[in-house]
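# Working through the structure, step by step
In case you want the letters, here they are:
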Amino acid sequence: MKRVSFSLQLLLGLVIGVVLGFVARAGDVTWLTATLTEVGKIFVQLLKLAVPPLVFTAVVVSVANLRNVSGAARLASKTLLWFLVTSLIAVVFGLGLGLILNPGLGVTISTAGAKAVDLEGAGTWLDFLTGIIPTNIVTAFTELNVLQIVFLGVVIGAAALAVGEKAEPFLAFSRSILELVQKGLWWVIRLAPIGTAGLIGKSVASYGWDLLAPLAKLSAGVYIGCLLVLLVSYPLLLAFVGKVSPLTFYRKAWPAIELAFVSRSSVGTMPLTQRVTTERLGVDRDYASFAVPFGATTKMDGCAAIYPALASIFVAQVFGIHLGVGHYLLIAFVSVVGSAATAGLTGAIVMLTLTLSTLGLPLEGVGLLLAIDPILDMIRTATNVAGQMVVPVLVARSEGRLDEAVFTAPPQPLDEAPAAVRPAAGPEPALT
């Protein structure tokens, strides 16, 4: 298999998974469905296992690395600005498609049995804001609350910057943990072709047209909206703002986008996203060590912009509630500002709940969409991860931190393990 590129291995896993899924569904082969489910489940569990230490150490080290970056405040501000701009573009696509498709009109799905999804810390803006701060440091890690872990990482990283030399032993320890986690996670990512076959096979075997039929327009709208962002918005930004080739970008970024599609986890894909951004796209490592972890937990054009816009219109139409211009503006505001609520994990239920509660729409609408959420989440996460690479390229290009020779060179093989984490005192960053 070493002679077969990692990208091709992922594609082969995708094809094999689709074939096995169709066989399992057409022949009602329960053992095959169960096997595909377990293979995919184990792969996702292995990815999630590394999430707490990966996110915490990556954020701590990336914040500490800002001391090595000239104009760090300007880079951070530009990154955040482009996150907001691209999210606004995505939500406009979502709202436009919602008004054109009217996904909830004529839907005969029963709402009698739908129950409101009770998500602690996700119902209101106050819950969301207070939920950022953990009440217990241990539970933030054991309950896999990525947003709280990011908060802790930012605070401790900033404190390490303020302390200075005395914090160097702690930062060296964090870099060592980060390197160990990345090495182990890379071994897991090398299993991605097998995990891909299991995840996509399970989806094909478990979800048929009978499930999608009542929600066909919504499903089509989410996929069309994400594809518009992927194939129209991002390429135009890359070509006219970044002055780089969109075709080259997608050719090199494809492995990370494909892994995101099947794993449905921006955080789980983060190590591969990091490697692609630096080793294939040529973004400066010091800047990428901040931008990629930040984007993996807050940059969610698919989950936090396109999907909530379409789903809100769908829920309103199913329940016969009229939405005015003010409601659409509120959807755009929530989508742009509330992206961090998705926290980089699979699914966008928290973000949808936040949007519906802000608009005063029935939270029972979330229950109507849970059945097809895994199918929609694949394209949403792929869009998220693509955006998490597009923005660093745009910012790095504008700041002279994009190595054009690396960007235009043939794709760097991803079969080898990632480079080691280097000390912050050296000329290179701590995260690779």
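The structure we're discussing is the one just above.
A short tour of the structure in this document, coming up. These numbers come from a predicted model, not from an experiment.

## Details of the packing of helix 14 (residues 285–298) against helix 19 (residues 373–398)
At a closest axis distance of 9 Å, the pairing of helix 14 and helix 19 adopts a crossing angle of 145 degrees. For the pair helix 14 and helix 19, the crossing hand works out as right-handed. For the pair formed by helix 14 and helix 19, the contact residues are Tyr-287, Ala-291, Gly-295 and Ala-296 on the first element and Gln-388, Val-391, Pro-392, Val-395 and Ala-396 on the second. Grouping the amino acids of the contact of helix 14 with helix 19 by side-chain chemistry returns 7 nonpolar, 2 polar and no charged.

## Here's the deal with the packing of aromatic side chains
This structure, assessed with the given rule, holds 4 aromatic pairs. Residues Phe-56 and Phe-141 carry aromatic rings whose centres are separated by 5.6 Å and whose planes lie at 70 degrees to one another, so their mutual orientation is edge-to-face. Pair noted here: Phe-56 is in helix 3 (residues 51–65) and Phe-141 is in helix 6 (residues 137–142), with a separation of 85 residues, a long-range link. Overall, the relative accessible area of 26% leaves Phe-141 in the partly exposed class. Here the aromatic rings of Phe-83 and Phe-294 are separated by 5.5 Å at their centres, their planes lie at 35 degrees, and the arrangement is tilted. Of this pair, Phe-83 sits in helix 4 (residues 72–101) while Phe-294 sits in helix 14; the two residues are 211 residues apart in sequence, bridging distant segments of the chain. A residue is classified by how much of its surface remains accessible, and Phe-83, at 5% relative accessible area, is buried.

## Comments concerning the pattern of salt bridges
Here the structure, examined in full by the defined rule, presents 9 salt bridges. For Glu-399, the salt bridge goes to Lys-78, with nearest N and O atoms at 2.6 Å. Residue Glu-399 is found in the loop between helix 19 and helix 20 (404–408), and its partner Lys-78 is found in helix 4; the two are separated by 321 residues along the sequence. For Lys-78, a relative accessible area of 26% gives the class partly exposed. Connected through salt bridges with shared partners, the residues Arg-74, Lys-78 and Glu-399 form a single ionic network.

Parameters and conventions
- Residues numbered from 1 in each chain as written.
- Predicted model: local features only at pLDDT ≥ 70, side-chain atom pairs only at ≥ 80, totals over all residues.
- Heavy atoms only, no water.
- Axes fitted to C-alpha atoms, helices over the stretch in contact; angles between N-to-C directions.
- Helix = DSSP H or I, 4+ residues; strand = E, 2+ residues; numbered from the N terminus.
- Left-handed = near helix turned anticlockwise from the far one by under 90°.
- Contact = heavy atoms within 4.5 Å.
- Nonpolar A, V, L, I, M, F, W, Y, C, P; charged D, E, K, R; others polar.
- Phe/Tyr/Trp six-rings, centres within 6.5 Å; stacked < 30°, edge-to-face > 60°.
- Buried < 20%, exposed > 50% of the residue type's maximum accessible area, 1.4 Å probe, protein only.
- Salt bridge = Lys/Arg side-chain N within 4 Å of Asp/Glu carboxyl O.

Keep in mind that these numbers describe shape and distance, not what the molecule does.
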